[in-house]
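Take a look at the letters that make up each chain.
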Amino acid sequence: PDPMNYFHAPRPLLVNCGTSFSTFIAENPDRRDYANKGFTIGGGDGEDDAFGGGAAAELKLRSNFDPCAVWLPTVRTNADGKFSATYKNPDTLTRYRVIAVVLHGKRKFGSASTDYTVDKPIMLEPAAPRYASEGDKLMPKVLVQNNSKFEGTWEISLATTSITQAGTGSPGAPASRTINLKPGGAETVYFETKFVNTGTARWIWTARPLEIKGDANLTPVLARDLSDKAETKFEVTYPVPLMRQVQFVSMRNNGRHDLLNGLKPELLEGRGHIDLELSNSLLLEGAGAVDYLLKYPYGCVEQTTSSLMPWFAVRDLKSLVPGFRTKTESEVANAIQKGADRLLTMQTRDGGLAYWPGGNSAEKWATSYGGLGLLLAREHGADVPESSITRLTAWLVKSLTAKVDEQHSHYHWNIETRARALYVLALAKQPQVAMQNKLMDSADKLSPTARAYLALAIYYSGSDKANQHASAIALLKNQTPRQKTNHWMRHSADNAMTVLAWSEISPDTENADLAMRKLISNRNPYGHWRTTWCNSWALQAMASYARNVEKNREPSTLQLVTAEGTKTITLDKDSPTQSLRVPLQDGVKLVASTNGTAFANVNLSAKPRLAPTGAWGHKGLSVARRYERMMADGSTQAMGQPHVGDLIKVTLDITIPYALDYVVIEDRLPSLFETVNNDFASQSSRFRTNSDSRWNINHKELRSDRASFFINRSWRSGTRSISYLARVTTAGIATAPAAKVEAMYDPEQIALSESKTMTTLRKEAVVGE
């Protein structure tokens with residue numbers, strides 16, 4: 001191009017905004033946690049009165065450690081340039097920074113900052129783990145500081161839930177230590193803990209005075225003032241993958257059905273439970289897709305869009321899918337808005353969507369899909385700027401002008417992408433009729449999914465409903481089988497798209513019902529459709545089927561026989577689903593009979609024996625993990641016996657036999673470690689590893705319990721290494737779960753490293769220190 005015209009061409013005014021939160025804050029709100037910043041104070045309910053009532057009952061449990069005390073994005077001053085704001089501090093005892101940025105008129109800007117400190121006489125700073133595994137034995141600590149003028153004796157206690165054994169007592173029983181503190185003094189108290197089960201650990205740390213020296217009397221009011229109580233919460237998981245089996249049982253007309261028939265005896269004899277879901281609707285099978293999508297841990301443009309789909313389907317499937325039953329309208333609206341906001345962080349300058357937040361290059365296949373997510377989010381009430389939709393649809397229209405090479409190995413995928421773009425543009429009220437007609441001319445070359453997209457695009461375009469309906473039906477009736485290819489998206493959504501198209505276009509025929517039964521029969525042994533992509537389309541299809549096809553269902557009454565006795569369960573319009581959890585134990589029994597039609601989803605989860613596992617790989621795919629200690633001069637040596645405070649270099653050696661697309665490499669840390677994120681000044685080390693600069697890592701996430709690296713296109717073959725840093729933060733014995741490398745859209749291509757049991761020691765145990 002001509003340099004002058006190119007570099008001096010008019011450019012639109014725009015601002016690119018980005019956030020680094022996704023690298024350290026979990027996608028799933030249930031997995032987010034805030035660590036203490038300094039010390040903690042205030043808040044809570046005080047229902048656990050350590051002093052038996054009276055004035056001491058005012059002691060508050062500190063549980064809100066949000067690092068941002070208040071955010072006021074828009075404040076208008078008075079004529080003197082002043083304003084006031086009232087807010088409640090979180091429970092963190094620390095120095096707070098106050099930052100103000102001001103704008104006056106069009107050209108005047110200014111900023112100022114100050115700070116203030118929140119403290120109290122007695123302060124607890126717990127150092128609990130951010131996560132743990134069943135079987136771990138840790139030595140968490142709490143720092144107790146005496147800022148008062150009193151010298152005395154304090155009892156420091158740790159109360160836990162039943163999944164934790166503190167000290168030598170029984171699980172759930174509190175443990176305590178007694179310490180002496182002088183004014184201005186501090187002491188660190190350790191507790192021995194063992195995790196005996198999985199779930200959410202809730203710990204309550206308490207400091208209360210037993211005796212005060214000097215002339216002062218330890219009145220209830222003074223005892224309250226010289227006390228402190230803080231809460232920490234974290235998840236305890238199983239370090240070995242659970243053994244699962246799922247089966248779907250169709251029950252009709254008073255026949256007796258042993259719901260345990262077909263389940264593996266070795267699983268029934270293990271530790272775990274059976275989740276039983278009952279319904280008079282075939283759509284009960286949507287539960288597997290919902291569970292998979294809501295718990296999938298990653299967040300690219302496709303996975304973010306797919307994880308939004310359950311929330312779009314809540315209103316249609318709420319009465320049919322047990323996981324939706326308790327969701328409120330505010331929860332649904334909040335989840336949809338958060339998903340839309342994340343999708344918008346992936347929008348590029350030219351209007352398309354990149355695969356990861358902050359990306360500069362739009363992906364055709366992902367833009368049409370993410371665009372559908374944004375349109376549906378707006379339809380369900382999310383705030384999506386019209387300018388973003390305008391830029392996105394303009395990008396999609398432009399993308400349709402590119403030629404699709406019929407000889408290219410990915411021809412059918414590219415045609416599906418084009419057909420999906422036409423469908424999304426039709427939903428956006430910008431139908432591209434000429435391009436639809438052009439694609440119709442090649443209908444014999446279209447896959448079932450492409451035909452369904454095109455049929456839906458035609459159906460939602462223009463006003464000639466009769467002709468559009470006929471053309472759409474013709475596309476759906478004359479399907480040709482999908483041609484097998486070596487494409488990275490190996491699992492197709494053909495069955496789901498066929499259900500969706502028939503349910504939207506011709507719901508009164510038997511075609512939608514036949515397609516739905518075919519979709520159900522195509523589930524994998526775990527009760528879902530293998531990938532986020534396929535599960536998302538299956539869920540959309542089921543929502544449409546519930547909305548348009550399965551409007552009237554006959555009620556059913558079941559007799560369910562368990563080891564505890566017989567239960568009568570009625571499934572009707574007001575209560576179309578029921579669920580219960582049955583623990584695995586000797587004599588477990590599940591036998592059902594019904595006077596009508598009912599369906600059962602039997603989900604068995606069992607814990608395998610806790611023991612280190614060996615490495616495993618698929619067809620030459622493998623991952624091995626190495627630990628080394630970082631020395632002061634930047635050199636490394638074998639980790640040996642690690643101690644609290646040590647800096648550890650973790651290296652993953654990945655062998656890939658052939659090129660893979662969209663690969664995730666994930667390493668779960670032992671609860672003794674925390675990752676070091678060099679992107680943040682508060683965490684960074686002066687040392688760097690190759691994951692800080694490696695060009696072909698498209699996205700990385702260093703979270704409290706794991707390090708994850710994502711590669712859109714892997715190297716062709718051979719072994720490469722990825723390294724990151726971790727700090728030893730806790731003394732104890734813990735399991736380092738296996739590291740994993742997996743093709744996200746072909747879950748059968750997976751490899752695991754060996755797991756191992758690791759021991760760390762307290763820093764003061766080092767000889768000579």
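Residues numbered from 1 in each chain as written. Predicted model: local features only at pLDDT ≥ 70, side-chain atom pairs only at ≥ 80, totals over all residues. Heavy atoms only, no water.

Participant: Pulling in residues and values, what's your account of helix H10 (residues 433-440)?
Facilitator: Considered for burial, the residues of H10 that qualify are Met435, Gln436 and Leu439. Down the axis of H10, the buried set is contained in an arc of 105 degrees. They therefore lie on one face. Pointing more than 90 degrees away from the buried face of H10 are the exposed residues Ala434 and Lys438. Buried residues along H10 sit against helix H9 (411-427) and helix H11 (448-459). (Buried < 20%, exposed > 50% of the residue type's maximum accessible area, 1.4 Å probe, protein only. Helix = DSSP H or I, 4+ residues; strand = E, 2+ residues; numbered from the N terminus. Arc of directions from axis to C-beta. Contact = heavy atoms within 4.5 Å.)

Participant: Go over the sheet that holds strand S32 (residues 732-736) with me, naming the residues and quoting the values.
Facilitator: Spatially, S10-S13-S7-S32-S35 is the arrangement adopted by the five strands of the open sheet, whose pairing is antiparallel. Each end of this open sheet is capped by a strand with a single partner; those strands are strand S10 (164-166) and strand S35 (756-760). Sheet topology places S10 next to strand S13 (residues 193-195); three bridges connect them, and they run antiparallel. By the bridge assignment for S13, Ala166 is matched with Thr193. (Pairing = 2+ DSSP bridges.)

Participant: Tell me about the layout of surface pockets, and name the residues and values.
Facilitator: Space inside the second largest pocket adds up to approximately 700 Å³. The wall of the second largest pocket is formed by 34 residues, among which Arg482, Arg490, His491, Ser492 and Asp494 lie closest to the centre. Contributions of two or more residues to the lining of the second largest pocket are made by H9, H11, helix H13 (494-505) and helix H15 (532-548). (1 Å grid on protein atoms, 1.4 Å probe; cavity = no way out; pocket = protein on both sides within 12 Å on 5 of 7 lines; lining within 4 Å. Points joined across faces, edges and corners; volume = space filled by probe spheres on them.)

Participant: Describe the packing of helix H4 (residues 286-295) against H15, with residues and values.
Facilitator: Two numbers describe how H4 lies on H15: the axes approach to 9 Å, and their chain directions differ by 135 degrees. It follows from the interaxial angle that H4 and H15 lie oblique. Note that H4 runs across H15; the crossing there is left-handed. Touching Gly286, Ala289, Val290, Tyr292 and Leu293 of H4 are Thr532, Asn535, Ser536, Leu539 and Met542, all from H15. For the contact of H4 with H15, the residue count by class is six nonpolar, four polar and no charged. (Axes fitted to C-alpha atoms, helices over the stretch in contact; angles between N-to-C directions. Parallel < 35°, antiparallel > 145°, perpendicular 65-115°, else oblique. Left-handed = near helix turned anticlockwise from the far one by under 90°. Nonpolar A, V, L, I, M, F, W, Y, C, P; charged D, E, K, R; others polar.)

Participant: So what's going on with the pairing of strand S26 (residues 647-656)? Residues and values would help.
Facilitator: Regular strands have side chains that alternate between both faces of the sheet. In terms of residue burial, S26 counts as a mostly covered element, since eight of its ten residues are buried. As paired elements, strand S24 (residues 622-630) and S26 share eight bridges and run antiparallel to each other. By the bridge assignment for S26, Arg625 is matched with Leu652. Sheet topology note: the S26/strand S31 (residues 718-728) ladder contains ten bridges and is antiparallel. Following the sheet pairing, Thr651 is matched in S31 by Ser723.

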